[in-house]
Amino acid sequence: MLVGQFPSDLEIEGRQTVLILLAQIKNISNGIVVGQPDIWILESAEKLTSWQGISNVIISSLAAAISFLGGLYGVSLIKPEFRARNSVEVLLLAGLAVCSVIAIITTIGIVFSVIFESIRFFKLIPPLEFLSGTVWNPEFEGAARAGSGQEGRAAYGSIPLFAGTFLISIIALSVSVPVGLLAAIYLSEYATRRVRGTVKPLLEILAGVPTVVYGFFAALTIAPFFRETGVLLGLDVASESALAAGFVMGIMIIPFVSSLSDDVINSVPQSLRDAALGLGSTKSETIKKVVLPAALPGIVASIILAVSRAVGETMIVVMAAGLAANLTANPLDAVTTVTAQIVTILVGDQEFESAKTLSAFALALTLIVITLVLNFFALQIVKKYREQYE
Amino acid sequence: MSNHIVETYDEDLRELHLLIAHMGKDVSTALETTCNDLVKGDKGSADDVIEHDKDINAQELNINLKAQKLLALRAPMASDLRVVLTSIQVAGNLERVGDLTKNIAKINRKMGMSLPANIANLVKKMSGLATEILRVSISAYSNKEENQTQKIFDDDVTLDKQYKELSKAILREIKRDEDHLEDLAHLLFVTRHLERIGDHAKNIAEATIYMCSGEMNRFDSLEDNQDV
Amino acid sequence: MLELGEVIVNCADVSVFYGDTRAINNISIDIEKQSITAFIGPSGCGKSTFLRTINRMNDTIDSCRIEGRVKVDGEDIYAPSVDVVPLRAKVGMVFQKPNPFPKSIYENVAYGPKIHGLSNNKNHLDEIVEKALTRAGLWAEVKDRLHDSGTGLSGGQQQRLCIARTIAVEPQIILMDEPCSALDPIATSKIEALMSELSAEYTIIIVTHSMQQAARVSKRTAFFHLGDLIEYDSTDTIFTNPKEQKTEDYITGRFG
């Protein structure tokens, strides 16, 4: 409507200009005046203000009218036969459904936005190269543009990133699974009630420590320690080794494995232990041959959940692992992970539309898919496990 | 003894016991009446007694059915089991006594002569004792008391002696008075029946002992020592 | 009349404490070999606790303490030098709720022989499993599906599987803690028939809530009440003419 009010002799230089003018008018009508705008602009602003006033009044009165009519309708329904409790039931149901729908829609929204941006990325870089390339070097993107004379295209092969994630996760698991599982076995089978009551919450605290603190700890204490030990042993340990990051991540993940496994082992019915003991098993035989096999699906599920946590961990690797994509199987080298890369990419001041920025979405998409698949498997295993004791 | 937790169980057992008491009373009364009338030569009660025997048989059947139900549904144990088992035994014995009484009534009805004085006295004595033994045994069973049972055993020994005495007297009378041979022969049957009634009363006493203490056939050992 | 043949379990002045609470008061009892003995009594009278002293399953409860002497086959099982593991092979146990391991039927039965090292080759192990399942009356029903899960069987079959599992280690004594209470009447009858057959070879002690069951299967019955042994006699006597008033009151349903 406003545009129609523009002086006919105004030169319009494209949609951008119109938008700028409209913005200016809006600002003025809200009381923000910059410089000396033209008269016609001021008049448009006044019109805008008055229109806004009229529309406010209309909206208010409409709202009042509807409320009133609604109230009348509600009152008219109040008869002796009216089952108010049933209506409340329906209302509650509707309310709960709405909340669930909001949660679902939000999730879908996030996923879709990632998918959209990833599609834009894949228009620039072929998916095959992304998934199978072994060099990850988005830095050259800007360099090529600036025409600094640097040779080479930016490379978007994600394999080194996934390899890095994989390596660090393996190291983390090799710390957390044995420690967590054995801790769980101790807590549920051997510990007295008092010990269990103290130690279990302590383990849970490990899960409560902010990951940035872990990263801090990893970067400033563990990594130098490994490096110096390496020097003593004659090994070349990078100062941002996968070993350091993986080790600390493992510590963080211990409660995931131990807590879930402990619950699962505890829920193995005592009758099975009694049966094994009654047959003449020792306690450790009972645990090894009866309790753990019975709890195994639950334990595997907990490990898978721990894996998905490890894969998605960001802060520790950002602080303690390297930032250069490096395809290696040596834990003493510096590697980077998918999550660290996403942070690096988005924390810069790149143009939003560039391939480099969009690559973050592609990486995020792959990460989402992997975690989804892992969680799905974990759920399936837990479901199968529950069936056994029906 | 305290009550069963399930009250209806107590009621069932009580009912069974009352049925026995009732049947016993009917049988005792019939026996007493019939024997008195036989001695007096009065045939008035005979038809009633004979007719009433059907009712006594029906009572036995009823008791058996109730006992069967208790066994099937309650699975009685220990003392309860003994109560139920003995109720069947006692009902059977009472039914036989009823039949024997009926036979005595039939003989009364057919009797042509009036009893000679000495025989009448003996019959009166013997039937009196038999009736008494029966009454005591039924009362002991109804009250679940063992303490009368020795007396019953001893009285039955006396009854057997009376039986021998009475039989001899009747046989002597037959030799003396051949005209009334048939009637006197019937009288022999009567003495036999009375002796049998004593045995049935003794069975009831043994059942009482079993019910109270679980001991079976106590009288067997006593009989072995008797010179009867 | 309690006339015992050869005695295989001899308990003298046995008391069991949970912490400070006394659960069993000075009980002395002898169990005859190769027969079925039943323990009856109201809930909480200690019959299960007493049963568990015979295979030392009470050891698994921390606060549990025992006084007195229990001899199995002439040997004091609470002597310090006694190893619990072979004892539990000698004295097996079947529980109230069937508890097969979530393994295959074969593995369930083979579990005991394996941990006790009773077999050193697969053929022998197969034989042991078949023999145990046959004796438990289950072979015909499962011989074609030995590798199916044990938990997929019906309740009665599961309990027979547990019995097979117990007899696979060749025990001398089998303790049964209310083995039929979770089963329907037909399954119960099958287990009772099985018990009769097994008693020719094994000594069986059964704890049961059902007096009818004790009456049906056992040769001797012990009546427990509040941790005391009230009466112990032939089953016949206990159920037709018990000597103690408390026994009489319990079995006739006058208290419970």
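1. Points about the overall build of chain C
When its secondary structure is counted, chain C shows 10 helices and 10 strands. Scaling as 2.2 N^0.38, a compact globule of 256 residues should have a C-alpha radius of gyration of about 18 Å, and chain C matches this with 18 Å. In terms of overall dimensions, chain C has C-alpha extents of about 55 × 45 × 35 Å along its principal axes. Among the 256 residues that make up chain C, the fraction classed as buried is 56%. Of all intrachain contacts in chain C linking residues separated by at least 6 positions in sequence, the fraction that spans at least 24 positions is 68%. Of the accessible surface of chain C, which amounts to about 10,300 Å², a share of 47% is contributed by carbon and sulfur atoms. Seen as two clouds, the 27 positive and the 34 negative side-chain charges of chain C have centres 3 Å apart.

2. Comments concerning the nonpolar core
Within the largest apolar cluster, 58 residues are counted, with the highest numbers of intra-cluster contacts made by Leu94, Leu134, Leu187 and Leu194 of chain B. Those elements that place two or more of their residues in this core are helix H1 (7-40), helix H2 (46-74), helix H3 (78-110), helix H4 (117-143), helix H5 (149-176) and helix H6 (181-213) of chain B. At 12 residues, H4 of chain B tops the list of elements feeding residues into this core. Listed in part, the 55 residues of the second largest apolar core include Trp136, Ala306, Leu358 and Ala364 of chain A.

3. Side note on the interface of chain C and chain A
Counting residues at the interface gives 17 residues for chain C, matched by 19 residues for chain A. Of the roughly 1,500 Å² buried between chain C and chain A, counting both surfaces, carbon and sulfur atoms make up 64%. Where chain C packs against chain A, one counts 0 salt bridges. Connecting chain C to chain A are 5 residue pairs in polar contact (both at pLDDT 80 or more). In terms of residue count, the dominant contributor to the side of chain C that touches chain A is helix H2 (residues 84-90) of chain C (3 residues). Partitioned by chemical class, the residues of the side of chain C that touches chain A number 10 nonpolar, 4 polar and 3 charged.

4. Structural notes on the environment of Leu175 of chain C
Residues and elements named next belong to chain C. By the secondary structure assignment, Leu175 is in strand E7 (residues 173-177). Separated by 31 residues in sequence, Leu175 and Asp144 place their C-alpha atoms 29 Å apart. Not counting residues within four places of it along the chain, the set of residues in contact with Leu175 comprises Leu51, Ile54, Asn55, Val91, Gly92, Met93, Val94 and Ile205.

5. What about the pattern of salt bridges?
Throughout the structure, instances matching the rule amount to 35 salt bridges over all chains. Among the ionic pairs, Glu51 of chain B bridges to Lys54 of chain B, the shortest N-O distance being 3.1 Å. Of this pair, Glu51 of chain B and Lys54 of chain B both sit in helix H2, 3 residues apart, which is roughly one turn of that helix. A single network of salt bridges, built from pairs that share partners, joins Arg196, Lys200, Asp262 and Asp263 of chain A.

6. What about the packing of aromatic side chains?
Residues and elements named next belong to chain A. Within this structure, the stated rule accounts for 16 aromatic pairs over all chains. With centroids separated by 5.7 Å and ring planes inclined at 80°, the aromatic side chains of Phe226 and Phe247 adopt a geometry described as edge-to-face. Pair noted here: Phe226 is in helix H8 (residues 211-233) and Phe247 is in helix H9 (residues 242-266), with a separation of 21 residues, a long-range link. Following the ring pairs from residue to residue traces out a cluster consisting of Phe121, Phe122, Phe130, Trp136 and Tyr156. The ring centre of Tyr190 lies 4.7 Å from the NZ or CZ of Lys283, which sits over that ring.

7. Thoughts on the interface of chain C and chain B
Taken together, the contact pairs 16 residues of chain C with 16 residues of chain B. Carbon and sulfur atoms supply 50% of the area that chain C and chain B bury against each other, a total of about 1,200 Å² over both sides. Our count for the chain C to chain B interface comes out at 1 salt bridge. We note a salt bridge from Asp80 of chain B to Arg254 of chain C, for which the minimum N-O separation is 3.3 Å. Counting the contacts that link chain C with chain B gives 10 residue pairs in polar contact (both at pLDDT 80 or more). For the side of chain C that touches chain B, the secondary-structure elements that each account for two or more residues are helix H8 (211-217), helix H9 (235-240) and helix H10 (245-251) of chain C. With 4 residues, the top contributor of residues to the side of chain C that touches chain B is H10 of chain C. A breakdown of the residues in the side of chain C that touches chain B according to their chemical character gives 6 nonpolar, 7 polar and 3 charged.

8. Some remarks on the pairing of strand E9 (residues 220-225) of chain C
Residue and element names in this part refer to chain C. Most of E9 is tucked away: 6 of the 6 residues are buried. Alternating positions in E9 separate into two faces, Arg220, Ala222 and Phe224 on one and Thr221, Phe223 and His225 on the other, with burial throughout. In textbook terms, the turn of a hairpin is the stretch between consecutive antiparallel strands, and for E9 and strand E10 (residues 228-234) this stretch comprises 2 residues, one of which, Leu226, has a positive phi near 50°.

9. Comments concerning the sheet that holds strand E2 (residues 21-32) of chain C
All names here are of chain C. If you trace the 4 strands from one edge of the open sheet to the other, you get E2-E1-E4-E5, paired in antiparallel fashion. Across the chains shown, the open sheet's two edge strands, defined by having one partner strand only, are E2 and strand E5 (75-76). The sheet contact formed by strand E1 (residues 7-18) and strand E4 (residues 64-72) spans 8 bridges and is antiparallel. Bridging across to E4, Val16 finds its partner in Ile66.

10. So, the arrangement of the chains
The assembly contains 2 pairs of chains in contact; the pair sharing the most contacts is chains A and C. For the non-touching pair chain A and chain B, the nearest C-alpha separation works out to 34 Å.

11. Structural notes on the state of the cysteines
Note: disulfide means a covalent bond formed between the sulfur atoms of two cysteine side chains. Residue and element names in this part refer to chain C. Enumeration over the complete set of coordinates arrives at 0 disulfides over all chains. Of all cysteine sulfurs, the one in Cys11 lies closest to Cys45, which takes part in no disulfide; the gap is 15 Å. Note on Cys45: relative accessible area 1%, which makes it buried.

12. A look at a nonpolar patch on the surface
Nonpolar side chains collect at one region of the surface, where Ile104, Ile108, Phe112, Phe116 and Ile119 of chain A lie side by side and expose about 490 Å² of accessible area between them. The class for Phe116 of chain A is exposed, based on a relative accessible area of 53%.

13. Concerning the side chain of Glu60 of chain B
All names here are of chain B. With respect to the secondary-structure elements, Glu60 resides in helix H2. Although Glu60 is buried, it makes no salt bridge; Arg96 carries the closest opposite charge, 9.0 Å away. With near-sequence residues (within four places) excluded, Glu60 lies in contact with Met23, Ala91, Gly92 and Glu95.

14. A closer look at the pairing of strand E6 (residues 91-94) of chain C
Residue and element names in this part refer to chain C. The alternating pattern of E6 places Val91 and Met93 and Gly92 and Val94 on opposite faces, both of which are buried. When E6 meets E7, the two strands line up parallel, connected through 4 bridges. Note on E7: the bridge partner recorded for Val91 is Ile173.

Conventions used here
Position numbers for residues count from 1 along each chain, tracking the sequence in the order it is written. As a convention, the first chain written is A and the first ligand written is 1, with the rest following in written order. Owing to the predicted nature of the model, reporting of local features is limited to residues with pLDDT of at least 70; listing and counting of side-chain atom pairs is limited to 80 or more, with chain, interface and lining totals taken over all residues. For the side-chain quantities, the full set of heavy atoms in the structure was used; hydrogens and water were omitted. A run of H or I in DSSP becomes a helix once it reaches four residues, and a run of E becomes a strand once it reaches two; helices and strands are each numbered from the N terminus. Our radius of gyration looks at C-alpha atoms and nothing else; its globule reference is 2.2 Å times the residue count to the power 0.38. Any residue under 20% of the maximum accessible area for its type is buried, any over 50% is exposed, and the rest in between are partly exposed; the area is computed with a 1.4 Å probe on protein chains only. Contacts: residue pairs with any heavy atoms within 4.5 Å of one another. All accessible areas in this document rest on Shrake-Rupley with a 1.4 Å probe, and a residue is counted as covered only by the protein chains that are shown. We treat Lys and Arg as the positive residues and Asp and Glu as the negative residues; His and chain ends play no part in the count. Taken as the charge centre is NZ of Lys, CZ of Arg, CG of Asp or CD of Glu, depending on the residue. Among buried residues, those of type Ala, Val, Leu, Ile, Met, Phe, Trp, Tyr and Cys that are joined through side-chain atoms within 4.5 Å constitute a nonpolar core. Buried area adds together the accessible area that both of two parts lose upon being put together, with accessible area traced by a 1.4 Å probe. Here, a salt bridge means any side-chain nitrogen of Lys or Arg that lies within 4 Å of a carboxyl oxygen of Asp or Glu. Under this definition, polar contacts are N or O atom pairs within 3.5 Å; protein pairs additionally need one hydrogen-donor-capable and one acceptor-capable atom, and for neighbouring residues in sequence, both atoms have to be side-chain atoms. Under the convention adopted here, Pro, Cys and the residues Ala, Val, Leu, Ile, Met, Phe, Trp and Tyr are nonpolar, Asp, Glu, Lys and Arg are charged, and Gly plus all remaining residues are polar. Each aromatic pair joins two rings of Phe, Tyr and Trp (for Trp, the six-membered one) with centres within 6.5 Å, and gets the label stacked for planes under 30 degrees apart, edge-to-face for over 60, and tilted for any other angle. Look at NZ for Lys and CZ for Arg. If either is within 6 Å of the ring centre and within 35 degrees of the ring normal, a charge sits over the ring. Note on pairing: two strands pair once DSSP finds at least 2 bridges between them. Note on terminology: pairs of cysteine sulfur atoms within 2.5 Å are recorded as disulfides. Only residues whose relative accessible area exceeds 30% and that form no salt bridge enter a patch; like-charged residues are grouped when within 9 Å of one another, and nonpolar side chains (Val, Leu, Ile, Met, Phe, Trp, Tyr) when within 5 Å.

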